[in-house]
Amino acid sequence: MGTTIRRWMIAMIILLVVGGPVFAGGQSEVEKAGSPGKVEMRLAWWGATGRNEKYLAIIDEYQKKNPNVLITPEYQGWADYWGKMATMVAARNLPDVHQYTNNQLGEFYSKGAVISLEPYIQDGTIKLDDWNMGMVDSGRLDGKLVGVTIGITAPVMIINMTWAEELGIEIPPFDASFTWREFADWLKKDVQPKLPAGAYAFGDYGMAENYFWTWVRQHNAEWVDANGNYAVPQSVLEGWYGFIDDLRKAGVAPPLSFTAEDSGKARGDNAFNRRKMLIRPTNANQAKLEQQYMAVEGDRVEMRRLPMQEGAGSARECLITSVLSIAANSKVQDEAAKFINFFVNDKTAQSIYNGEIGVPGSYTVQDMLKPNLDFAAAQEFDYINMVSTGSIPTVPKPQGIWAFDAEIQQMNQQVAAGNMTPAQAARATIERANKFLASLK
């Protein structure tokens, strides 16, 4: 098991074994008038250097406009962030404002770790009047808004269009729809034969958890049944493991050794950046970042939708939101709400953030940002609007499912290594999932 996955699993196990709600009583008593003196607040997020610099700049802007406020930043990489969050939720010491995606929000919400933001919406502290309500609802649980989105993304296929054009590979239009079978046939017949030796048409999607979430949605499957047992059918799991295994065996997707080595490489040195992979499975908010690190000057990155199931009307890509929430243990919840409003609505703050983690919910902000974006970043706005139109709602994952994603990835690696067939991996997944979920009851 890789170091990142191991840290991730440990973090979520720490969170899940904390019995019952750890923050009883809901929103703590905080005076609505606020304090006239110095206010100290903690803000936590995950990210690398570029993202961290943006958050720090936004903090500076807020403190300039609110000189009585001192914000302490707390940031780590993805895996370390969740390890620290799991420890802090157990200690009832979460940062006043902190960040989730809808992969994890349900886990922490079930522990009573975050408050409802409805009072701050109603009194106008957090203003969402000009927002896309579908994006607002991405932070809602049990009918209550518990997180304000700072960006929406979705799984996507990114393509090196310049390289494809040089090789004479015809890429489907931006809004094209096609089935998984059609996609596989196209890769085998029209793409891979035109690539140079050592290059692959499509990356291994086994580590792309939001691809798997979309696959489950495409089959109308539920994560758990009424008794809390794992409910993803064996046939759906077998199809998931089997599709990419077929592409590996056909030489269209890379072997495990290639994927493992490539996953440890930094941007600028990975297979997609260096023309060793034509199409990469990832999330839409990553396209503009990959664009910045393309090794061949002039290579243009574009997005395309995921394939869909036979007879379906759309690919049903899951919508992934990143939200800011307020900790139930916070003593400065009013100031925290003011900061969230500043972060998502202030033009200076949003000019700094510039759609960093996904498409913003405010139409005003979208209109302000889009004319100044490069092609990849602007296409992200178009892509999210396209895949979100008419799609079924993306319901947050129930308790335990996000933590178990690492096991799905491990099963894919077992199939890639030849240690299991897709059918064996599917049966093992269900067995392990039920044991894991039973341990949470």
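In case you missed it, the structure is sitting above this.
Because the structure is predicted, anything quoted here is derived from the model rather than measured.

Rules used in this analysis
- Here the residue numbers are simple positions, counted from 1 along each chain's written sequence.
- Where local features are concerned, this predicted model is filtered to residues with pLDDT of at least 70; where side-chain atom pairs are given and counted, the filter is 80 or more; whole-chain, interface and lining totals use all residues.
- For side-chain calculations, the full set of non-hydrogen atoms in the structure is used, while hydrogens and water are omitted.
- Helix numbers and strand numbers start at the N terminus; a helix is a DSSP run of H or I with at least 4 residues, a strand a run of E with at least 2.
- Radius of gyration here is computed from C-alpha atoms only, and the compact-globule reference equals 2.2 Å multiplied by the residue count raised to the power 0.38.
- For the accessible areas, the method is Shrake-Rupley and the probe is 1.4 Å, while residue cover comes only from the protein chains on display.
- Think of it this way: DSSP has to see at least two bridges between two strands before they count as a pair.
- Note on definitions: angles span 0 to 180 degrees between N-to-C directions of axes, and those axes are lines fitted to C-alpha atoms, for helices only across the stretch in contact.
- The nonpolar core is taken to be a set of buried Ala, Val, Leu, Ile, Met, Phe, Trp, Tyr and Cys residues, with the residues joined through side-chain atoms within 4.5 Å.
- The buried label applies to any residue whose accessible area, calculated with a 1.4 Å probe on protein chains only, is under 20% of its type's maximum; exposed applies above 50%, and partly exposed to all values in between.
- Every residue pair with non-hydrogen atoms within 4.5 Å of one another is taken to be in contact.
- We call Phe, Tyr and Trp rings a pair once their centres come within 6.5 Å, taking the six-membered ring for Trp, and we label the pair stacked below 30 degrees between planes, edge-to-face above 60, and tilted otherwise.
- For this document, the term salt bridge refers to a Lys or Arg side-chain nitrogen within 4 Å of an Asp or Glu carboxyl oxygen.

**Quick notes on the overall build of the protein**
Phase 1: Helix and strand counts for the protein stand at 18 helices and eleven strands.
Phase 2: Over its C-alpha trace the protein gives a radius of gyration of 22 Å, about what one expects of a compact globule, namely 22 Å for 441 residues.
Phase 3: Structurally, the protein occupies a C-alpha span of about 70 × 50 × 35 Å along its principal axes.
Phase 4: By element, 51% of the accessible surface of the protein is carried by carbon and sulfur atoms, the whole surface being about 17,800 Å².

**Points about the sheet that holds strand S7 (residues 155-160)**
Pairing between the strands of a sheet is mediated by backbone hydrogen bonds and can be parallel or antiparallel.
Phase 1: Ordered in space as S8-S9-S7-S10, the four strands form an open sheet in which the pairing is mixed. With partners counted over all chains shown, the strands left at the sheet margins are strand S8 (200-202) and strand S10 (301-304), one partner each. Strand-to-strand twist of the sheet, defined as the mean angle between neighbouring strand axes without regard to direction, takes the value 30°.
Phase 2: Judged from the two bridges that link them, S8 and strand S9 (residues 277-283) form a sheet pairing that is parallel. Paired with Tyr200 across the bridge in S9 is Met277.

**Looking at the nonpolar core**
Phase 1: Counting residues in hydrophobic clusters, the biggest one holds 81 residues, and the most contacted among them are Phe183, Leu187, Phe202, Tyr230 and Tyr383.
Phase 2: Among the nonpolar cores identified, the runner-up in size contains 54 residues, and Leu105, Val136, Ala328 and Phe339 belong to it.

**Here we look at the side chain of Gln379**
Phase 1: Mapping Gln379 onto the fold places it in helix H16 (residues 375-388).
Phase 2: Sequence-distant contacts of Gln379, that is, excluding residues within four places in its chain, are made with Phe174, Glu302, Met303 and Arg304.

**Examining the packing of aromatic side chains**
Phase 1: If you walk through the whole model with that rule in mind, you get 34 aromatic pairs.
Phase 2: Measuring from centroid to centroid gives 5.0 Å for Trp180 and Phe243, while their planes differ by 75°, and the two rings are edge-to-face. Of the two residues, Trp180 sits in helix H8 (residues 180-191) while Phe243 sits in helix H10 (residues 234-249), which places them 63 residues apart along the sequence. In this pair, the class of Trp180 matches that of Phe243, namely buried.
Phase 3: Where Phe183 meets Trp186, the ring centres are 6.2 Å apart and the plane angle is 35°; that geometry is what we call tilted. Of this pair, Phe183 and Trp186 are both found in helix H8, three residues apart, which corresponds to roughly one turn of the helix.
Phase 4: Through pairs of rings, three or more aromatic residues link up here, namely Phe178, Trp180, Phe183, Trp186, Phe202, Tyr205, Tyr211, Phe212, Trp215, Trp223, Trp240 and Phe243.

**Some remarks on the sheet that holds strand S11 (residues 320-326)**
Phase 1: One open sheet accounts for five strands, arranged S2-S1-S3-S11-S6; its pairing is mixed. Two strands bound the open sheet, and with one partner strand each, they are strand S2 (69-76) and strand S6 (148-153). On average, each strand axis in the sheet is tilted by 20° relative to the strand beside it, whichever way the strands run.
Phase 2: Bridge count between strand S3 (residues 97-101) and S11: five bridges; the pairing is antiparallel. In the sheet register, His98 faces S11, and the bridge partner there is Ser325.

**Let's talk about the environment of Lys441**
Phase 1: Structurally, Lys441 can be placed in the segment after helix H18 (422-438).
Phase 2: Measuring from C-alpha to C-alpha, the distance between Lys441 and Ser110 comes to 13 Å, with 331 residues separating the pair along the chain.
Phase 3: Those residues in contact with Lys441 that sit more than four places away from it in its chain are Asn227, Gly228 and Asn229.

**As for the pattern of salt bridges**
Phase 1: Scanning all chains against the criterion turns up 29 salt bridges.
Phase 2: We note a salt bridge from Lys249 to Asp245, for which the minimum N-O separation is 3.2 Å. With Lys249 and Asp245 both in helix H10, this residue pair falls four residues apart, about one helical turn.
Phase 3: The closest approach of N and O atoms between Arg274 and Asp269, which form a salt bridge, is 3.9 Å.
Phase 4: Residue class for Asp269 comes out partly exposed when judged on its relative accessible area of 38%.

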